[in-house]
Structure formats: structure tokens, C-alpha cells
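A structural walkthrough
Here are the chains, one letter per residue:
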Amino acid sequence: MTGLVAGIDEAGRGPLAGPVVVAAVILNPARRIRGLADSKVLNREQRERLAPRIRERALAFAIIAIDAGDIDRINILQATLMGMTRAAMSLSVIPTQVLIDGNQIPKDMVFPARAIVKGDATEACISAASILAKTYRDALMTGCDRDYPGYGFAQHFGYPTPVHLERLRALGPCAIHRRSFAPVRACMQSGLFG
């Protein structure tokens, strides 16, 4: 594939708390990065080693976070699609094509685009975007662990683990919880915290 191809992927569609993060990356073919793969198959150490290399060697990258309030207002799918468009438009280099992990292209995408199911495993630019989105979101959630102690965000990053669900029931939702998600909504309706 020739031209300036941007890969786009997200991290954080499934968690009960925190933003969904979308990254767009245009790789530099003259500065290859070994070890790129879907962020889900890499361990944390591998992702943390690759993320700075991607930032340093890419022709361009952009990272967009869509917060819980927007997710609750427009739903997680629409928030993700909005993040994809914003990430592509935030690139400092205009792509000739955008490759998106998944099966949907945002209706307002201004660049020629193609959706690729499991593209994070087959397209290096999407793999790079997946790594940047995941490492950026993990760092945000680690910061949220300090801002909202007791929930364990630095361990589960907002995903619905048994520990997170137990802490949610004990403490009630905090400012970054997605109130439109069923477990959070159920917790709020019960009103039984602590």
C-alpha cells in the first residue's frame, strides 16, 4: 500500500469507567519498528517499550480521549467513531487513506477510509495506533487511581473485574464512571453504598 496511510484504533470501549481513547498513526517506511502487534497480545512491558519508539519514528500520530460524560451522552459506539474522526483530523500530516480497526467507518470521516476487522493484527499502522491508545489510556487510568482512591483503577483500568464491581458496590460511582453502562446504572439505582 502506497501513500501516507494512517492506522486508527481505540482502547477502552468495554470499561465501566474512564475515557475511550483513539489513536491515529502514520508510520514512516524508512524507520521501521520491530515487534508491532495488536496491543492485546503484547504484555505491558512490550507496549511500554514500543510506545516511545512509535512516537519518535512515526511521520505523525494523534491521540484523542472521549470522556465518560460524552460516552453517556452519545453512547460508546458514537463516542468511538467521533474519536476516530477527531484523531484522523488531528494528524499533523494529511493521510491519503485511513485504515480503521473494526467494521465501521465514521460517517463524517473526511479521508478515504477502509474498515478492517482484526486490522490491529494485520496492519502495522493499526497495531501502532492500538499500542499508543492502550498505553495512553493505561497512564490516564493510573492517574485516576490517585484522584479516586479505593477503586483500584491502576490495576483494572476501569474494566468490570470482580474487584472493580465490589469497589463500585462499596463506594458507589465516582466522577469518571460511565453512568449509562448497566453495572454502574444498577449500582446507582440500588443506592446501597458502603
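Whatever comes next refers back to the structure up there.
Report on the accompanying structure. (Residues numbered from 1 in each chain as written. Predicted model: local features only at pLDDT ≥ 70, side-chain atom pairs only at ≥ 80, totals over all residues. Heavy atoms only, no water.)

1. A word on the overall build of the protein chain
- Counting secondary structure elements, the protein chain contains 8 helices and 5 strands.
- In terms of overall dimensions, the protein chain is globule-like: its C-alpha atoms have a radius of gyration of 17 Å, near the 16 Å expected for 194 residues.
- Principal-axis analysis of the C-alpha atoms gives the protein chain an extent of 55 × 35 × 25 Å.
- Counting every position in the protein chain, which comprises 194 residues, the buried fraction comes to 48%.
- As presented, the protein chain carries roughly 9400 Å² of accessible surface, and 54% of it is formed by carbon and sulfur atoms.
- If the 24 positive side-chain charges of the protein chain are averaged to one point and the 17 negative ones to another, these points end up 2 Å apart. (Helix = DSSP H or I, 4+ residues; strand = E, 2+ residues; numbered from the N terminus. Rg over C-alpha atoms; globule rule 2.2 N^0.38 Å. Buried < 20%, exposed > 50% of the residue type's maximum accessible area, 1.4 Å probe, protein only. Areas by Shrake-Rupley, 256 points an atom, 1.4 Å probe, with all protein chains shown as cover. Lys, Arg positive; Asp, Glu negative; His and termini not counted. Charge placed at Lys NZ, Arg CZ, Asp CG, Glu CD.)

2. Some thoughts on the nonpolar core
- Counting 28 residues, the largest nonpolar core has Ile8, Leu91, Val98 and Met109 as its most contacted members.
- Looking at this core, the elements that each hand over two or more residues are β1 (5–11), β2 (20–26), β3 (60–66), α3 (76–90), β4 (97–101) and α8 (182–190).
- The element contributing the most residues to this core is α3, with 7 residues.
- Setting aside residues up to four positions removed in sequence, Val98 forms contacts with Ala6, Ile8, Ala88, Met109, Phe111, Pro112, Ala113 and Arg114.
- Residues Val25, Leu42, Ile131 and Ala133 belong to the second largest nonpolar core, which totals 18 residues. (Core = buried A, V, L, I, M, F, W, Y, C linked by side-chain atoms within 4.5 Å. Contact = heavy atoms within 4.5 Å.)

3. Remarks on the sheet that holds β4
- Within the open sheet, the 5 strands sit side by side as β3-β2-β1-β4-β5. Their pairing is mixed. Strands with a single pairing partner mark the edges of an open sheet, and in this sheet they are β3 and β5 (113–116). Neighbouring strand axes in the sheet, compared pairwise and without regard to direction, differ in orientation by 20° on average.
- Pairing analysis gives 6 bridges linking β1 to β2, with the strands arranged antiparallel. The residue bridging Asp9 from the neighbouring strand is Ala23, located in β2.
- Against the sheet, helix α5 (residues 124–147) engages β1, β2, β3, β4 and β5, with an angle of about 35° to β1. (Pairing = 2+ DSSP bridges. Axes fitted to C-alpha atoms, helices over the stretch in contact; angles between N-to-C directions.)

By themselves, these figures tell us nothing about what the structure is for.
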